[in-house]
Amino acid sequence: MSKPSSAIGGAHPLFYPLLLVACAIVMVPVLWMLSTSLKNETELFRDPLLLWPEKPTLAAFRSVFQDYPFGAYIRNSLVVVICATAISLAFSTLAGYGLSRFRFGGRGAFLAFLLLSQMFPSVMLIIPYFKILKSAGLLDSRLGLIVTYVSFTIPFCTWMMYGYFRSIPTELDEAAAIDGCGAVRTFFTVILPLALPGMVATSVYAFITGWNEYLFALILTNSEEQKTLPVGIGQLIGQYRIEWNELMAASIYSTIPLMIFFLFLQRYLISSLTAGAVKN
Amino acid sequence: MATARLERIGKRYDNGFRAVDGLSLALADGEFLVLVGPSGCGKSTALRMIAGLEDISEGELYVGERMINDMAPKDRDVAMVFQNYALYPQMTVRQNIGFPLKIRGHKPDERDRQVRRAASILELMEQLGKKPGLLSGGQRQRVAMGRAIVRRPSLFLMDEPLSNLDAKLRVQMRADIAGIQKDLGVTTFYVTHDQIEAMTMGHRVAVIKHGVLQQVAPPEELYARPDNVFVAAFIGSPSMNLCEGTLCRAGEERWRIMLGDQLLGVPASVIAARPGLAAYADKAVVIGFRPEHLEDASLVPDHPAERRLTVTVAVREALGAETLVHFPIAATPVDSGDPDALDELGGRESSRCTARFGAATRVRVGDRIEVALNTGQLHFFDLDTHLAI
């Protein structure tokens, strides 16, 4: 087990200055997004550019809801992404456990196949997906998007969970077996609680992947009632003009669920949960 | 509590490798049997087959009168202590120890009573609320023990439970485990590579090499009368000196051994006690003698001159109560087959010997000294079969 806390305790003199620079680099676009969203239309194109609006206004935040169905977009995104994440997590957890614990023919080939499936660029897949969903009657539906996202995320999530389960000593499975657990009970009472950090990391990956997905949502939906947030935001870029303040306000809206998701889960993102299980 | 019986148990892997071959052992009720052997000799595999963690390729396994070859681990009524402890890190000590009872549906108050009893035996009462991550190695070890003893199984299985502890703690836990086993009277099958653990803890010790059982006997007998060269070399620390020598008949009732270029007298009683030995007259045999049967000749002036070796000291290790002295003798060394054994000091022509001298010895490295050999305590083995004569 590494010792992150002591590494910070005896920090290099440049540690905090460098951290500040890194923070600034990360924060500047976010602050610029915030500043732009608070400007009115005249301030947007003021020359020289204003760093911060003289008369901050929340008009853009209101107008995205009044002029466009952003409520529906957000709801669609949440439904699609939460469902896709939950399904991916359930399948990848079970698959990862099975792959890490049982030896069976074709296991290595299957793992390689999962990786292989990640190597195709999405533009190559979009027409087949369109045709499949069309024949299944799932075009322009949230269910169609859920199925699509799940098919992207399960292979990689399975690899993540496989890796995480491999870090949990098999002696714990064996101890549980001897203590009286069958395979299912071993999994749910002993191993699954230990896999929580891995499941959190995996769900974060699945959530972000779905939340930011644009291309497939754009092609596979077309009615306003089914569009997701990234597609809705993309529509704010018009042919002749871009409503920058509205675009930025919508972007801020789209980051809020991610932030809530992270705040809620970050305490599980610790790797020391198995400390003390076995002597390293 | 029960007897256990292994009948020609074998483990064969798909690639044809035989980890365990025809292992037959019978454990009496309440017996503490130690299976000992060098690393990779199949001893852990044997234990895991008894636990049900590995399939049994051949042979039959009985606990009591039940044949349990194909029974799931949870139904075997065995408890196991793992080398790495394998504690459940998300559970407290109380929950860890109580886990087997919880799974078997014991009521919480009953469970708590049992956990407390186990914890008090193991002096873990203070730690019951802590998680394993906060415990020291010795405490974790005891929690693992607690999880095993709490449910009173038919059979305890222990897989090198002390090998991850530091030396001092190991000595203490050795005595503790032996004491607990004696108090509870549970039949115990204990696996280790450490022959000191085997000798100090076991009622009987089974020595295994390359998956094949070499000898089963109480520790004293194993030490005094090893069946073959491997057991002779493996049991005892420092291990027995083994080299090729020739047994010479010097006359009626008068025998000598030739060790390298030195001729030593052997008491007639030694020959008389081994009727088979007469057939080896004037032939090469493996001769074994333990370090404690060698003494600095200057400390035993009345030792007969014909039972002294003249050697040059190569290494001297003063241990306080005794001094270990290493020296080569000009006799062909014998490979005992222990993969963990040290390389021989002098190649093919000379054997490395170790002697355990009294602390009063004055020998220094490079000294040419006389060593008194107690030839009444010699061991003889066939050169080809390595079996005791």
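Everything quoted here is computed from the prediction, not taken from an experiment.

> Just to check I follow, could you spell out the overall build of chain B for this structure?
When you go through chain B residue by residue, the secondary structure sums to nine helices and 21 strands. The C-alpha extent of chain B, read off along each of the three principal axes, is 80 × 45 × 35 Å. Counting only residues that meet the buried cut, chain B has 42% of its 389 residues in that class. Relative to all contacts within chain B whose residues are 6 or more apart in sequence, the contacts with residues 24 or more apart total 70%.

> Help me out: how do you make sense of the packing of helix H2 (residues 15-37) of chain A against helix H14 (residues 244-265) of chain A in this one?
Packed helices, taken two at a time, are described by the angle their axes make and the gap between the axes. All names here are of chain A. Relative orientation of the contacting elements H2 and H14 amounts to 125 degrees, with a least axis distance of 7 Å. Classified by the interaxial angle, the pair formed by H2 and H14 is oblique. Seen from above, H2 lies across H14 with left-handed handedness. Residues Met 33, Leu 34, Thr 36 and Ser 37 of H2 form the contact with H14, whose own contacting residues are Trp 244, Asn 245, Met 248, Ala 249, Ser 251 and Ile 252. When the residues that make up the contact of H2 with H14 are grouped by side-chain class, the tally is six nonpolar, four polar and no charged.

> What is the right way to look at the domain arrangement of chain A in this model?
Many authors give the size of an interface as the accessible area that is lost as the parts come together. Residue and element names in this part refer to chain A. Segmenting chain A into domains produces domain 1 (13-57) and domain 2 (68-274). Of note, the centres of domain 1 and domain 2, computed from C-alpha atoms alone, are 32 Å apart. On the side of domain 2, six residues touch domain 1, which itself brings six residues to the contact. The element that contributes the greatest number of residues to the side of domain 1 that touches domain 2 is H2, accounting for four residues. Among the residues making up the side of domain 1 that touches domain 2, the classes are represented as three nonpolar, two polar and one charged.

> Just to check I follow, could you spell out the interface of chain B and chain A for this structure?
Facing the 27 residues of chain B at the interface are 21 residues of chain A. Of all the elements in the fold, those that place two or more residues in the side of chain B that touches chain A are strand E6 (78-81), helix H2 (93-103) and helix H4 (137-149) of chain B. A breakdown of the residues in the side of chain B that touches chain A according to their chemical character gives 17 nonpolar, five polar and five charged.

> What's the story with the sheet that holds strand E20 (residues 368-373) of chain B in this structure? I'm lost.
All names here are of chain B. In spatial order, the strands read E15-E20-E16; together these three strands make up an open sheet with antiparallel pairing. The sheet terminates laterally at strand E15 (294-296) and strand E16 (308-312), the two strands that pair on one side only. For this sheet the average axis-to-axis angle between neighbouring strands, irrespective of direction, equals 40 degrees. As paired strands, E16 and E20 are joined by five bridges and run antiparallel to one another.

> Hey, could you run me through the pairing of strand E14 (residues 283-289) of chain B in this one?
Regular strands place their side chains on alternate faces of the sheet. Residues and elements named next belong to chain B. Sheet topology places strand E11 (residues 241-251) next to E14; seven bridges connect them, and they run antiparallel. Residue pairing for E14: Gly 245 is matched across the bridge by Val 285. Looking at chain direction, E14 and strand E21 (residues 379-381) are connected through three bridges and run antiparallel. Each residue of the ladder has a partner; that of Gly 288, found in E21, is His 379.

> Honestly, H2(B) in this entry has me stumped. Any pointers?
In an α-helix there are 3.6 residues to a turn, and that puts residues three or four apart on one side. The buried fraction of H2(B) is high, at eight of 11 residues. Those residues of H2(B) not exposed but buried are Val93(B), Arg94(B), Asn96(B), Ile97(B), Gly98(B), Phe99(B), Pro100(B) and Leu101(B). On the buried face of H2(B), the contacting elements are helix H9 (170-179) of chain A together with helix H3 (108-121) and H4 of chain B. Looking one or two places after H2(B), you find Gly105(B), whose phi comes out positive at around 80 degrees.

> Looking at this structure, I do not really get the sheet that holds strand E12 (residues 254-259) of chain B. What am I missing?
Sheet strands pair via backbone hydrogen bonds, and the direction of the pair is either parallel or antiparallel. Residue and element names in this part refer to chain B. As summarised here, the arrangement of the five strands in space is E13-E12-E11-E14-E21, forming an open sheet in which the pairing is antiparallel. Among the strands making up the open sheet, the edge pair consists of strand E13 (262-266) and E21. For this sheet, the mean angle separating the axes of adjacent strands, direction not counted, is 40 degrees. One ladder, built from five bridges, connects E11 with E12; its direction is antiparallel. Residue pairing for E12: Cys 248 is matched across the bridge by Arg 256.

> Where do I start with the domain arrangement of chain B in this structure?
All names here are of chain B. Looking at chain B, the domain boundaries give domain 1 (4-234) and domain 2 (241-381). Taking only C-alpha atoms into account, the centre of domain 1 sits 38 Å from that of domain 2. Every contact between the two is made by 10 residues of domain 1 and, on the other side, 12 residues of domain 2. The element best represented in the side of domain 1 that touches domain 2 is helix H8 (residues 229-234), accounting for five residues. Looking at the side of domain 1 that touches domain 2 residue by residue, the class counts come to seven nonpolar, two polar and one charged.

> Mind showing me how you'd approach the confidence of the model for chain B here?
Interpretation of this model should avoid reading the predicted coordinates in detail wherever pLDDT is low. Of the residues in chain B, 97% have a pLDDT of 70 or more, and the chain-wide mean is 89. Both confidence scores are given for the complex: pTM 0.81, ipTM 0.83.

> How do you make sense of H3(B) when you look at a structure like this?
Residues and elements named next belong to chain B. Spanning 14 residues, H3 covers 20 Å between terminal C-alpha atoms, matching the ideal 20 Å at 1.5 Å per step. Where H3 is concerned, the buried positions are Arg 111, Gln 114, Val 115, Ala 118 and Ala 119. Relative to the axis of H3, the buried residues are bounded by an arc of 135 degrees and lie together on one face. Facing away from the buried surface of H3 by more than 90 degrees, the exposed residues are Asp 109, Glu 110 and Ser 120. Those residues of H3 hidden inside the fold are in contact with H2 and H4.

The rules behind these values
Residues numbered from 1 in each chain as written. Chains lettered and ligands numbered in written order. Predicted model: local features only at pLDDT ≥ 70, side-chain atom pairs only at ≥ 80, totals over all residues. Helix = DSSP H or I, 4+ residues; strand = E, 2+ residues; numbered from the N terminus. Buried ≥ 20, exposed ≤ 12 C-beta atoms within 10 Å, placed from the backbone. Contact = placed C-beta atoms within 7 Å. Axes fitted to C-alpha atoms, helices over the stretch in contact; angles between N-to-C directions. Parallel < 35°, antiparallel > 145°, perpendicular 65-115°, else oblique. Left-handed = near helix turned anticlockwise from the far one by under 90°. Nonpolar A, V, L, I, M, F, W, Y, C, P; charged D, E, K, R; others polar. Domains from an automatic or database assignment. Pairing = 2+ DSSP bridges. pLDDT = per-residue confidence, 0-100. Expected span 1.5 Å × (residues − 1). Arc of directions from axis to C-beta.

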